[in-house]
Amino acid sequence: MRPAEVRPVESSFRIQEQRPAMGLLSDPTRRRALISLLTRLNAPICVVCYLAGVAWFMGLAFEPFTLRTYMSENAMGSTMVEERFPAGERALATGREFSAHKKRVGGMPVDWLVKTMEARGLEVFTQSFSRTLPFPDEDKERYMVKGTNVYGILRAPRAPRTEALVLSAPCSPGDNNNQAVGLLLGLASYFRNQIFWAKDVIFLVNEHDLIGMQAWLEGYHHTNTTGMDWSPLQGRGGSIQAALTLELSSDVVTSLDLVLEGLNGQLPNLDLANLFYAFCQKIGVLCTIQGKLQRNDWDSVSGYSHAVQTMMLMVMKQASGRPWGDHGLFLRYHIEAATVRGVNSFRQYKTDCTTIGRLLEGMYRKLNNLLERLHQSYFFYLMPSLSHFVSIGYYMPAFGMLAAILLLRALDLWVQLSAAPQRDEDGVAYVEQAGPGVLSILTPLVISHLTGAALYTLPVRFQDIAVEHFPVSETEAVVLTAIAIYTAGLALPHNTHRLLSGEGTEQGWKVLKLLAVLYLAVLLGCTALINFSLGFILALTLVPVAAFVTPHVPKLLSAVVLVLLSPASTLLLSVFFFHELQETPLSFQEGWMLYLSVISQGILDHCLYGSLVFPLTALLLFPCWLLFWNILFWK
């Protein structure tokens, strides 16, 4: 082989050997340049990410950026069924009769309900339950709760009875919801004469709202997660596929409001909301979500503001973690459920009971066609209106931009901690005399979490002691003890790093902040996956704190900002903001009293139903915030 033929190959090989192909992160030079850029421009990039995340979220309510709702489940794709329910007036008469019996017995007329359901051809069963609350519920004036649930089962004539649908109506105190019970009994009588049912239909009247519903669901599924006493169910249907809760307190309603938010921010499959909206459009019923009418002038400032208010109301309700209707407890059992609530506010519209019955008939006939559980559509979404929704793929980038700030700050701290030591004129490396000891980092971590554990356990356990020594009720004792422990936590940890290890070091607070920033990033990320609204609201307030707090910022101003952005202050501001969105503004005194009530209800929701907001705040969020408070006062 001639040398001339070899030279091109050798030349090509040398070129490849001299300039190897390297990626951006695998090339040490490029990696150092990228890290240098991110650390040099760290603060401006964080500010841009925060503003971009807020702007992205606010843009979600703009109609061109949202998706129109559509039916994903083929079995419910058409509303071409003929609704024939005729007995609206008879249902109202039944509701008045139910109201009379309820007043006579001073509660739920169990015997009358059993006889009425049996007369309509249902298999009727009752369930008794009792529950002693951890402390009195002053909002509903109850402590030792005893009640009875009554339910009737319409057996499916054309199927092996392995699946079921539920229609429930709570037995509310006073004159509330009597019409809903009457309509439920009217629909039971009408459904009994139809032969097309392929699923059992269960008609449930539950006492004491969520407590009664929790007892029935635990009995139906043979679980006891809350420690409630209830009698076993004597009759059961098939596996529950879907459920609707009906709330009507007037003979004539002007609109129907759809309530979706359930326990811990869970939402039903979007197809259930789509089905409700489709039949409202077909029958001509005025429908709302969050109590807001749908507007078509999305391109105007007022139309956009209306969509933002509707979406923010959903965000605030979902972030609360409490069930906003009896349907909210079905969702934890993977049962798609919603509450249909009659509203009597828009006086120019009128909808009678017969029309509402036909709407429910159409929905149940479509749910009867299901061959499998609702799963085709979205489970994570926001709704600025009933005709448009924002999917998880659209709203998660807003949270991602806020979470990116924490990662950027962690990268900056890591680079500072791993930087090469400074050298003197003789080339000798200068090393800080006292490095960050383990105790200086571990002590604030332990004490902060012990404070959170005290906030979680002591208010309920020490209520009796507080009542003995102070002139307060049990509920006031629980709330005031929680506030006292929260306030005491501000004074405990800020010098804990010196408790066992003497003075703190410069590297010490940087290591502690690196751990706290990563801790907060993981905590917010996990929260957003379970409950996006809660995670996003917490990120709005806690990310700025985590990003810019250091021992070198002005103490007084920074302490005020940290307190205003703490979890407790966030809750207080949310109370006022929620009522502003509902266009029912509060005075400061009214807002403060409602704030105390929200705290007590949050603890009760955790004890009674398993809401996670209170333990999340007490055991994780508050200790994490205390770490940043500790960093601010580091010496």
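In this numbering scheme, every chain counts its residues from 1 along its sequence in written order. The predicted nature of this model means local features are confined to residues of pLDDT at least 70 and side-chain atom pairs, given and counted, to a pLDDT of 80 or more, with totals for whole chains, interfaces and linings taken over all residues. Side-chain metrics rest on all non-hydrogen atoms present in the structure, leaving aside hydrogens and water.

What to know about the overall build of the protein
Helix and strand assignments follow DSSP, with helices taken as H or I runs no shorter than four residues and strands as E runs no shorter than two, numbered in order from the N terminus. Within the protein one finds 20 helices and twelve strands. Note on exposure labels: buried denotes an accessible area under 20% of the residue type's maximum, exposed denotes more than 50%, and partly exposed covers the range between, all computed with a 1.4 Å probe on protein chains only. For the protein, the proportion of its 635 residues judged to be buried stands at 51%. The accessible surface values rely on the Shrake-Rupley method and a 1.4 Å probe; as for residues, cover is taken only from the protein chains in view. Entry remark: accessible area of the protein is about 28900 Å², with carbon and sulfur atoms responsible for 60%.

Comments concerning the sheet that holds strand E1 (residues 67-68)
Any two strands between which DSSP finds at least two bridges are classified as paired. The strand order across the open sheet built from three strands is E1-E12-E11, with neighbouring strands paired in antiparallel fashion. At either end of the open sheet lies a strand with only one pairing partner, and these are E1 and strand E11 (381-385). Pairing geometry for E11 and strand E12 (residues 388-391), over three bridges, is antiparallel. Each bridged residue has a counterpart across the sheet, and for Tyr381 the counterpart in E12 is Ser391.

Remarks on the nonpolar core
Side-chain atoms within 4.5 Å link the members of a nonpolar core, which is a set of buried Ala, Val, Leu, Ile, Met, Phe, Trp, Tyr and Cys residues. Counting 110 residues, the largest nonpolar core has Phe57, Trp216, Phe330 and Phe628 as its most contacted members. In terms of residue count, helix H20 (residues 613-632) provides more of this core than any other element does, 13 residues in total. Of all hydrophobic cores here, the second largest spans 70 residues; its members include Leu154, Leu256, Leu272 and Phe389.

Topic: a negative patch on the surface
A cluster of acidic residues, Glu138, Asp139, Glu141, Asp464, Glu468, Glu474 and Glu476, forms a negative patch at the surface. Among the secondary structure elements, those contributing two or more residues to the negative patch are helix H13 (463-469) and helix H14 (474-491). Patch building starts from residues that exceed 30% relative accessible area and form no salt bridge, then joins like charges within 9 Å and nonpolar side chains (Val, Leu, Ile, Met, Phe, Trp, Tyr) within 5 Å. Each salt bridge in this description consists of a side-chain nitrogen of Lys or Arg and a carboxyl oxygen of Asp or Glu lying within 4 Å of one another. The sign given to each residue is positive for Lys and Arg and negative for Asp and Glu; His and the chain ends receive no count. Here the site of a charge means NZ on Lys, CZ on Arg, CG on Asp, or CD on Glu.

With respect to the pairing of E12
Across the two faces of E12 the burial is the same, with His388 and Val390 and Phe389 and Ser391 all buried. When E1 meets E12, the two strands line up antiparallel, connected through two bridges. Across the sheet, Arg68 pairs through a bridge with His388, a residue of E12. In sequence, E11 turns back onto E12 through a hairpin of two residues.

Side note on the pattern of salt bridges
For the structure on display, the rule yields 13 salt bridges. Between Lys103 and Asp175 there is a salt bridge, with its nearest N and O atoms 3.6 Å apart. Placement of Lys103 in helix H4 (residues 88-105) and of Asp175 in the loop between strand E4 (163-171) and helix H6 (178-192) is noted, with a sequence separation of 72 residues between them. Since its relative accessible area comes to 47%, Asp175 is described here as partly exposed. Among the ionic pairs, Arg155 bridges to Glu123, the shortest N-O distance being 3.1 Å.

Details of unusual backbone geometry
Of note, the phi angle at His222 is positive, near 55°, even though the residue is not glycine. Checked against the element boundaries, His222 lands in the loop between helix H7 (209-221) and strand E6 (229-230). Given a relative accessible area of 64%, His222 falls into the exposed group. One non-glycine residue with positive phi stands out, namely Glu583, at about 60°. Along the polypeptide, Glu583 turns up in the loop between helix H18 (567-581) and helix H19 (588-609).

Looking at the sheet that holds E6
The nine strands are arranged E6-E2-E3-E5-E4-E7-E10-E8-E9 in an open sheet whose pairing can be described as mixed. Edge positions in the open sheet fall to E6 and strand E9 (287-289), since each of these has one partner strand only. Pairing of strand E8 (residues 255-259) with strand E10 (residues 336-343), which is carried by five bridges, proceeds in the antiparallel orientation. From the neighbouring strand, Asp257 faces E10, where its bridge partner is Arg341. Note on definitions: a residue-residue contact is assigned when non-hydrogen atoms from the two residues lie within 4.5 Å. Axis definition: a line fit to C-alpha positions, over the contact stretch in the case of helices; interaxial angles, taken between N-to-C directions, run 0 to 180 degrees. Relative to the sheet, H6 contacts strand E3 (142-154), E4, strand E5 (200-207) and strand E7 (239-247), its axis offset from that of E5 by approximately 160°.

Topic: the confidence of the model for the protein
The pLDDT averaged across the protein works out to 86; a share of 89% of its residues lies at or above 70. Low pLDDT, under 50, characterises residues 1-22; the stretch is placed with four contacts to residues that sit more than four places away or in other chains. Scored between 0 and 100, pLDDT is the confidence that the predictor attaches to each residue.

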